[in-house]
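The chain contents come next:
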Amino acid sequence: MMLAALVVAGAVTLAETVSLPPLRMPGRRRRSAVDVGSTARMLLIGLSAGLSLASAMEAAADELGPESAAELRLVLRRARVVGLATALATTDGSSMRLFHRLARAHMTGAPTIGTIAAFIEEHRTAQRAAILERLRRLPVTLTVPLALLILPGFVLLTLGPTVANIVQQLVGGLL
């Protein structure tokens, strides 16, 4: 009984000294304020429906979140003054890569649908690569919990009864 109390006290002390990262809910991912992939998909839908680039941007701004909509509306406001291609080319922010590609396609006369489709595919590929990289680091990350939590329990299960018998025999002989 005393051995079990010592083991529990040791485990509590160990748990207090080891700081583990906070747990994250599996269904909830942190998203950036501006989701460039959603913006690109909304623009692709509008362009596929036959809208001009400016009209597709207006329609997408009505459907996207507040940060993405603010970026699109800022570009559209600047486009009224300096032109759409210039406004897209001089924009900086979260969607800068997408807007610069659209500016290049708009200036050269290249199909914007193909430009956005290629951007979406590259964006998905980059996201997949980032996820795979995190998955490859997972075994290294799980080494610490394995060593600190599972291995001591296994040792306690295998050696605990033997040690308890030895202690009982020693203490029984003294009393």
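These figures come from a predicted structure and were not determined experimentally.

Regarding helix α6 (residues 96–108)
Taking 1.5 Å of rise per residue, the 13 residues of α6 would be expected to cover 18 Å, and the 18 Å separating its terminal C-alpha atoms lies within 8% of that figure. Listing the buried residues of α6 in full gives Leu-98, Phe-99, Leu-102, Ala-103 and Ala-105. Buried residues belonging to α6 abut α2 (36–48), α3 (53–63), α4 (66–82), α5 (84–89) and α7 (112–141). Two residues or fewer after α6 comes Gly-109, characterised by a positive phi angle close to 85°.

Describing the environment of Leu-88
For Leu-88, the location among the structural elements is in helix α5. In this structure Leu-88 comes out as buried when scored by relative accessible area, which is 0%. Beyond its immediate stretch of four places on either side in the chain, Leu-88 contacts Leu-53, Met-57, Val-75, Phe-99, His-100, Leu-102 and Ala-103.

Quick word on the confidence of the model for the protein chain
Here the protein chain shows a mean pLDDT of 81. Residues at 70 or above account for 79%. Within the protein chain, helix α1 (residues 2–17) has the poorest average pLDDT of any element, 60, and α7 the best, 91. Contacts for the low-pLDDT stretch residues 27–33, under 50 throughout, to residues beyond four places or in other chains number one contact.

A short note on a nonpolar patch on the surface
Side chains of Leu-151, Phe-154, Val-155, Leu-159, Val-163, Ile-166, Val-167, Leu-170 and Val-171 sit close together on the surface and give an oily, nonpolar patch of about 800 Å² of accessible area. Positionally, Leu-159 belongs in helix α8 (residues 143–174).

The rules behind these values
Residues numbered from 1 in each chain as written. Predicted model: local features only at pLDDT ≥ 70, side-chain atom pairs only at ≥ 80, totals over all residues. Heavy atoms only, no water. Helix = DSSP H or I, 4+ residues; strand = E, 2+ residues; numbered from the N terminus. Expected span 1.5 Å × (residues − 1). Buried < 20%, exposed > 50% of the residue type's maximum accessible area, 1.4 Å probe, protein only. Contact = heavy atoms within 4.5 Å. pLDDT = per-residue confidence, 0-100. Patch = residues over 30% accessible without salt bridge, like charges linked within 9 Å, V, L, I, M, F, W, Y side chains within 5 Å. Areas by Shrake-Rupley, 256 points an atom, 1.4 Å probe, with all protein chains shown as cover. Salt bridge = Lys/Arg side-chain N within 4 Å of Asp/Glu carboxyl O.

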